Number of protein chains: 2
Amino acid sequence: MLPRGRPRALGAAALLLLLLVIVFYLFDGRLRGAAALDEDLPWDHNRSACFPLRSLLPKCELLHVAIVCAGYNSSRDVVTLVKSLLFYRKNPLHLHLVTDAIARNILDTLFHTWMVPAVAVSFYDADEFQAGVLILHLPSPKPQAASSCPPLPDKQVIGLVENQSDWYLGNLWKNHRPWPALGRGFNTGVILLRLDRLRQAGWEHVWMVTARRLLLTLSATSLADQDIFNAVIKEQPELVLLLPCVWNLQLSDHTRAEHCYSEASDLKVIHWNSPKKLRVKNKHVEFFRNLYLTFLEYDGNLLRRELFGCPSQPPPQAEELQRARAHLDEEDACFEFQHQRLTMPRVHLTFLPVELQLPRLYDVTLVAQLSMDRLQMLEALCGHWPGPMSLALYLTDAEAQQFLRFVEASPVLSARHNVAYHVVYREGPLYPVNHLRNVALAQALTSYVFLSDIDFLPVHSLYDYLRASMEQLELSSRPKVALVVPAFESLHYRLSFPASKAELLALLDAGSLYTFRYHVWPRGHAPTDYARWREAQAPYRVQWAADYEPYVVVPRDCPHYDSRFVGFGWNKVAHIVELDAQEYEFLVLPEAFAIHMPHAPSLDISRFRSNPAYRDCLQALKDEFHQDLSRRYGAAALKYLPALQQS
Amino acid sequence: MLPRGRPRALGAAALLLLLLVIVFYLFDGRLRGAAALDEDLPWDHNRSACFPLRSLLPKCELLHVAIVCAGYNSSRDVVTLVKSLLFYRKNPLHLHLVTDAIARNILDTLFHTWMVPAVAVSFYDADEFQAGVLILHLPSPKPQAASSCPPLPDKQVIGLVENQSDWYLGNLWKNHRPWPALGRGFNTGVILLRLDRLRQAGWEHVWMVTARRLLLTLSATSLADQDIFNAVIKEQPELVLLLPCVWNLQLSDHTRAEHCYSEASDLKVIHWNSPKKLRVKNKHVEFFRNLYLTFLEYDGNLLRRELFGCPSQPPPQAEELQRARAHLDEEDACFEFQHQRLTMPRVHLTFLPVELQLPRLYDVTLVAQLSMDRLQMLEALCGHWPGPMSLALYLTDAEAQQFLRFVEASPVLSARHNVAYHVVYREGPLYPVNHLRNVALAQALTSYVFLSDIDFLPVHSLYDYLRASMEQLELSSRPKVALVVPAFESLHYRLSFPASKAELLALLDAGSLYTFRYHVWPRGHAPTDYARWREAQAPYRVQWAADYEPYVVVPRDCPHYDSRFVGFGWNKVAHIVELDAQEYEFLVLPEAFAIHMPHAPSLDISRFRSNPAYRDCLQALKDEFHQDLSRRYGAAALKYLPALQQS
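Being a predicted model, the structure only gives us computed values, none of them experimental.

**Focus on the overall build of chain A**
Argument step 1. From N to C terminus, chain A includes 20 helices and 23 strands.
Argument step 2. The buried share of chain A, reckoned over its 647 residues, is 59%.
Argument step 3. At a minimum sequence separation of 6, the contacts of chain A that also span at least 24 residues come to 81%.
Argument step 4. Accessible area of chain A: about 26,600 Å², with a carbon and sulfur share of 54%.

**Here we look at the pairing of strand 13 (residues 389-395) of chain B**
Residues and elements named next belong to chain B.
Argument step 1. With 7 of its 7 residues buried, strand 13 lies for the most part within the structure.
Argument step 2. Going residue by residue along strand 13, you find Met389, Leu391, Leu393 and Leu395 tucked away on one face and Ser390, Ala392 and Tyr394 tucked away on the opposite face as well.
Argument step 3. Taking the sense of rotation as the criterion, the β-α-β connection linking strand 12 (residues 364-371), helix 11 (residues 378-384) and strand 13 turns out right-handed.
Argument step 4. As defined by bridge partners, strand 13 adjoins strand 14 (residues 419-425) across 7 bridges and the pair is classed as parallel. Bridge pairing in strand 14 links leucine 395 to tyrosine 425.

**A closer look at the packing of helix 5 (residues 203-217) of chain B against helix 6 (residues 225-235) of chain B**
Residue and element names in this part refer to chain B.
Argument step 1. Axis separation between helix 5 and helix 6 bottoms out at 9 Å; the angle between their running directions is 95°. The orientation of helix 5 relative to helix 6 falls into the category roughly perpendicular. Along its contact with helix 5, which presents Trp203, Val206, Trp207, Thr210, Ala211, Arg213 and Leu214, the element helix 6 presents Ile228, Phe229, Ala231, Val232 and Glu235.
Argument step 2. Its residues assigned to classes, the contact of helix 5 with helix 6 comprises 9 nonpolar, 1 polar and 2 charged.

**Re unusual backbone geometry**
With glycine set apart, most residues show a phi of negative sign, and most peptide bonds adopt trans.
Residue and element names in this part refer to chain A.
Argument step 1. Residue threonine 350 is not a glycine yet carries a positive backbone phi of 35°.
Argument step 2. Following the sequence through the fold, threonine 350 ends up in the loop between strand 11 (347-348) and strand 12 (364-371).
Argument step 3. The phi dihedral of glutamate 583 is positive, around 65°, even though this residue is not glycine.
Argument step 4. Classification of glutamate 583 as exposed rests on a relative accessible area of 65%.

**Some thoughts on the state of the cysteines**
Residues and elements named next belong to chain B.
Argument step 1. For the structure shown, the criterion picks out 6 disulfides over all chains.
Argument step 2. What pairs with cysteine 245 in a disulfide is cysteine 260, and their sulfur atoms sit 2.1 Å apart. Taking the sign of the torsion about the S-S bond as the criterion, the disulfide between cysteine 245 and cysteine 260, at about 90°, is right-handed. Note that cysteine 245 is positioned in the loop between strand 8 (240-242) and strand 9 (249-250) and cysteine 260 in helix 7 (residues 257-261), a separation of 15 residues in sequence.
Argument step 3. A relative accessible area of 21% places cysteine 245 in the partly exposed class.
Argument step 4. Looking at cysteine 260, the relative accessible area reads 5%, which means it is buried.
Argument step 5. Looking at chain A, its bonded cysteines, counted consecutively from the start of the sequence, adopt the pairing 1-4, 2-3, 5-6.

**Focus: the packing of aromatic side chains**
Argument step 1. Considering all chains together, one arrives at 65 aromatic pairs over all chains under this definition.
Argument step 2. For the pair Trp272(A) and Tyr292(A), a centre-to-centre distance of 5.2 Å together with 65° between the ring planes defines the contact as edge-to-face. Residue Trp272(A) is found in the loop between strand 10 (269-271) and helix 7 (285-296), and its partner Tyr292(A) is found in helix 7; the two are separated by 20 residues along the sequence. An identical accessibility class is assigned to Trp272(A) and Tyr292(A); each is buried.
Argument step 3. Taken together, the aromatic side chains of Phe87(A), Tyr88(A), Phe295(A), Tyr298(A), Phe87(B), Tyr88(B), Phe295(B) and Tyr298(B) make up a single cluster linked through ring pairs.
Argument step 4. Here Arg76(A) stacks its cationic end above the ring of Phe351(A), 5.6 Å away from the centre of that ring.

**Some thoughts on the sheet that holds strand 18 (residues 487-490) of chain B**
In a beta sheet, neighbouring strands are held together by backbone hydrogen bonds and run either parallel or antiparallel to one another.
Residues and elements named next belong to chain B.
Argument step 1. The sheet built from 4 strands is open, its strands ordered 16-23-18-19 with mixed pairing. The two strands at the open ends of the sheet, each matched to only one other strand, are strand 16 (456-458) and strand 19 (513-515). Between one strand axis and the next, the sheet turns through 35° on average, direction left out of account.
Argument step 2. Summarising the sheet, strand 18 and strand 19 pair through 3 bridges and their orientation is antiparallel. Residue pairing for strand 19: glutamate 489 is matched across the bridge by tyrosine 514.
Argument step 3. Running at roughly 95° to strand 19, helix 16 (residues 501-509) makes contact with strand 18, strand 19 and strand 23 (594-596) of the sheet.

**Quick look at helix 2 (residues 72-88) of chain B**
Argument step 1. Under the 1.5 Å per step criterion, the end-to-end length of helix 2 of chain B is 26 Å for 17 residues, consistent within 8% with the ideal 24 Å.
Argument step 2. Helix 2 of chain B sits mainly inside the fold: 14 of its 17 residues count as buried.

**Section: the sheet that holds strand 19 (residues 513-515) of chain A**
All names here are of chain A.
Argument step 1. Taken together, 4 strands build an open sheet; the order of strands is 16-23-18-19 and the sheet is mixed. Strands at the two margins of the open sheet, each flanked by one partner only, are strand 16 (456-458) and strand 19. The mean inter-strand angle of the sheet, taken between neighbouring strand axes irrespective of direction, is 35°.
Argument step 2. The strands touched by helix 15 (residues 501-509) within the sheet are strand 18 (487-490), strand 19 and strand 23 (594-596), with strand 19 carrying the most contacts at an inclination of about 95°.

**A few points about the confidence of the model for chain A**
Any segment with low pLDDT has predicted coordinates that should not be analysed in fine detail.
Residue and element names in this part refer to chain A.
Argument step 1. Looking at chain A as a whole, its pLDDT mean stands at 82, while 85% of the residues score no less than 70.
Argument step 2. Between residues 1-56, whose pLDDT stays under 50, and residues either more than four places distant or in other chains, the model counts 196 contacts.
Argument step 3. Overall, residues 135-151 carries pLDDT values under 50, and its contacts beyond four positions in sequence, including any with other chains, amount to 39 contacts.
Argument step 4. The ipTM assigned to the predicted complex is 0.77, against a pTM of 0.83.

**Concerning the relation of the copies chain B and chain A**
Argument step 1. For the pair chain B and chain A, the best superposition has an RMSD of 0.1 Å and corresponds to a rotation of 180° with a translation of 0.0 Å parallel to the axis. Within this description, the copies of the chain are treated as partners about a two-fold rotation axis. Closest approach to the rotation axis among the C-alpha atoms of chain B is made by His599(B), whose C-alpha sits 2.9 Å away.
Argument step 2. Most of the interface of chain B is mirrored in chain A, where 100% of its interface residues again form contacts.

Calculation rules
Residues numbered from 1 in each chain as written. Chains lettered and ligands numbered in written order. Predicted model: local features only at pLDDT ≥ 70, side-chain atom pairs only at ≥ 80, totals over all residues. Heavy atoms only, no water. Helix = DSSP H or I, 4+ residues; strand = E, 2+ residues; numbered from the N terminus. Buried < 20%, exposed > 50% of the residue type's maximum accessible area, 1.4 Å probe, protein only. Contact = heavy atoms within 4.5 Å. Areas by Shrake-Rupley, 256 points an atom, 1.4 Å probe, with all protein chains shown as cover. Right-handed = clockwise from strand over helix to strand, strands pointing away. Pairing = 2+ DSSP bridges. Axes fitted to C-alpha atoms, helices over the stretch in contact; angles between N-to-C directions. Parallel < 35°, antiparallel > 145°, perpendicular 65-115°, else oblique. Nonpolar A, V, L, I, M, F, W, Y, C, P; charged D, E, K, R; others polar. Disulfide = S-S within 2.5 Å. Phe/Tyr/Trp six-rings, centres within 6.5 Å; stacked < 30°, edge-to-face > 60°. Lys NZ or Arg CZ within 6 Å of the ring centre and 35° of its normal. Expected span 1.5 Å × (residues − 1). pLDDT = per-residue confidence, 0-100. Least-squares fit on C-alpha atoms with pLDDT ≥ 70 in both.

Shown next as structure tokens:
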């Protein structure tokens, strides 16, 4: 029931603001912890005493916020909550995330790549806590700042907002028998806990005794921890501190929330506690939905802002990147390239749920990356590849929401559960193509990966054929084989896709298809030897040559892509060089093929194609790349020098 | 010097908050007018008197904000300022916009289509004010709310923040001779004016006398109105009320602003008063830039939120639309179509500067609409059409910024000054194709328009040829002629574009080009009679037939597109029906042509193509359309009935 580690940083805080995010919230108004409620609103509806509230919260006081989160979809909701929190915060934060393994993997990567100053994150295993009730053990708080008003009574240890629905009144339907509560009861969507005093009061013991006793006569709780809190408070009303309604504005169907928001000038926490969430019926729902959408689509990169006057250690990776960026020369023609390499974009892994499959010896994940302008390729790709996919999507926060709607509206995409979408949030002017590939590659869960591009459609049989070929070739005992999938190109949208090699060859002969980049860059695939492939009945080995960039199937633990190649040019070529340098064997499969479908040039490519400095910068990257190759492979790297020096 | 109209609503206000937006600002913190400065901050650095500030500003008190704005680019900046203001406001607002004719046209349309509740807008002609100083004549203010603290001294009538640069110290360079000021002087980027008392004090006379006297010995002002305000205050220091620094945080190169923001917890107004604007060098510039970007990219639709508890008249069009929307049935299969028609998206006309050309009898503007995924067509289109264009772009606020960067990065687009881009902000799920066309059409300034689509490239000579043809045909005396530009189609990206009809025919014969939609929908252009066109030496007349949707050149005052056709289908066809019903004559030009370039299907089209209800809803729209035709044209509309009843 208790977290395994005792976070040391918590020691500094007198108070813990605990938000049990069972549904999702939106923060409006500045979140300041209990000691800094809005001066408009009395600390307690029943007392209007003068509180020097601000003095209780020094400018840089660390605030603690706990959030419960489990699963893929909740992880997206928590990000929206955190964005709103970061937008309004004026203080350093320590987030305590109580998660399952899925949410932990997502949120850990997210915060690691988000690198927000003055935000610490700790994780706790949700399975270790009963009934959603989390109490962290803390050392005694610091003495409170001197106050000219009398201190709060010692017994008030749980701050709560009154329930705005009629649930605990017990009259919602015939035989409606809720757990006991004081009056309308309290809503535990937002809880302010005085941990030191709760501990002194033996809270763990208190709630368990009450719960056990009630369970003798009542059925299981309907509202989990909320029922338990209310039952305890019914018995010991002195424990509760009534918080102003703006700290937990409850938007259920039949809510008294309007009483609250039509008078208040400053809302603090909005709580969609209806099971209908944003679709709840309420005459002002549009207003609250708009506030929610604000943070849903908010560019999270903008929240990486410092807190002035509050010294804090930047996240270690952030510091390193910042130091490296400080050495860049803004006047350098290749500044954008160098800057892009020193950018670590935020990553939201598995943006949509996936169902994990049992691992098999020979299974293969299609790995690719895309941005918004290639979204319309996804349906066709799903039709051609029934196997697992790991896709990195380069999107803004707002585009990520468009992407969600696109998937929801597509029967083909919504029906697929073995496609993992990893959102990499846009940052910087150059497309980080190889970084995206690496994100998708790292998340592939099968032993092999098919490293493809999003605008290729494989022959329908490819997934089965690859697995059969791997088995036949006994690849598990040959760890350094790259299976080549020959690439073709259609210049027409309306292609009757060939179902077999024979059909493909017929289209090729009829001039309806070409080998890939036949017109503009035949060198890229020349070593595949299309003439030999035409006749081949069995896999055949080919040798690397300059500019070779085939689409390959390799073990998942293959070398990463070199992320210095941003924008366009040399990104795949460098990877194939790396495979060759590591002595991978290139085997062309006789029945495998994929066809590139036509599309308009991307915005990114047209933005830079006309830039005359572009080629020079690319050459500089290639030079660096070769220096690295020489360092790692010594004289063997000489082989690649001519290829790297071509224009 | 005075506004022509005296806005009646101003009478209710005791105070006018005047923001002279010479550069641009960002609002952070709640803008509440003078009577509600943050309680942290004393009203005056020199006095810490207890002020019941809040009592001076009742919950729904109307606040007045004046902003100066001239030209295309400033209009974009003012929108960002207004967005931040709307985001933080808690009160009804009356904006007083002092503009030139360009900004007025843009902002008038913007606010008309934005329809923000509890925001009134008045315009004033900037040319009528000298030195940027605006004083509105107001009736006497209401008596102030009772206060337990002594009232402010009567003389303090101009609230200002101290200058954060060293300008007025007069030591910036040798012989630097600024106008006189008190100490560091004051910055007039943000001014709080007590209009009633200023009027009593004869302000108009005061500043003019001072300015005239100083101009006898000093050269012209360097900083316009700021120099005059400072000179007056130097002579009469009792006029000034020192505002806390957070109300005008000045981000110039050598600024003392850090003293301010590292101590304050709540910034109110951020002022980029360096000529370098966002590129100013400052160690925390990234922080402020992020805040600025927040509002730059903020979805302005989300700011259409009500003020709870403050009754206000909704904008009249908003009320009408709302009433109509209230009658819609959410369960209706065509709900989205009906809802989209009742949406009036925000419009920002001439998002980038245009240079107006002298009107000519025969000139023609290319009219088209596009969204982000067709941006890459613009450069090619500019290459094919040297004449004026009026383009409607359907974008989110964030995409509008991407669009700006795209134009800046393109030498072709930045060099063109006769292309007007009108941003229509995305709203709702269906593409409002005909509304977009109408926006672009209404902004065309030549007497004729070429109604095209963004994915067509006209033959290079088309612009000159059209003007010559119009002259030859003496169109000015034939107001109901529609010149047809025959449409062709390339299925390849790499098309060597035909320079003449002869070259086009050769490509057509070689199978490299087709007549438009030859494979999927030949009826759309059949009446153009391609066989006849092949041989034609002179314009020939053709008759309307079902499904005809040619690209035409018509007078600018032609009928509008029917905006009920949203999404895809029948949008152009209906317009051609309307032209025919109004007895326009269709004349095919023998040397004119345009070629459709291939592109991936848009996201919008793929989202709905698979929707089975789509066709039914389209048929319902067509039925309605025909009812309208019958109403307007009587029996003559019978001609169109069979066409409207086809599937």
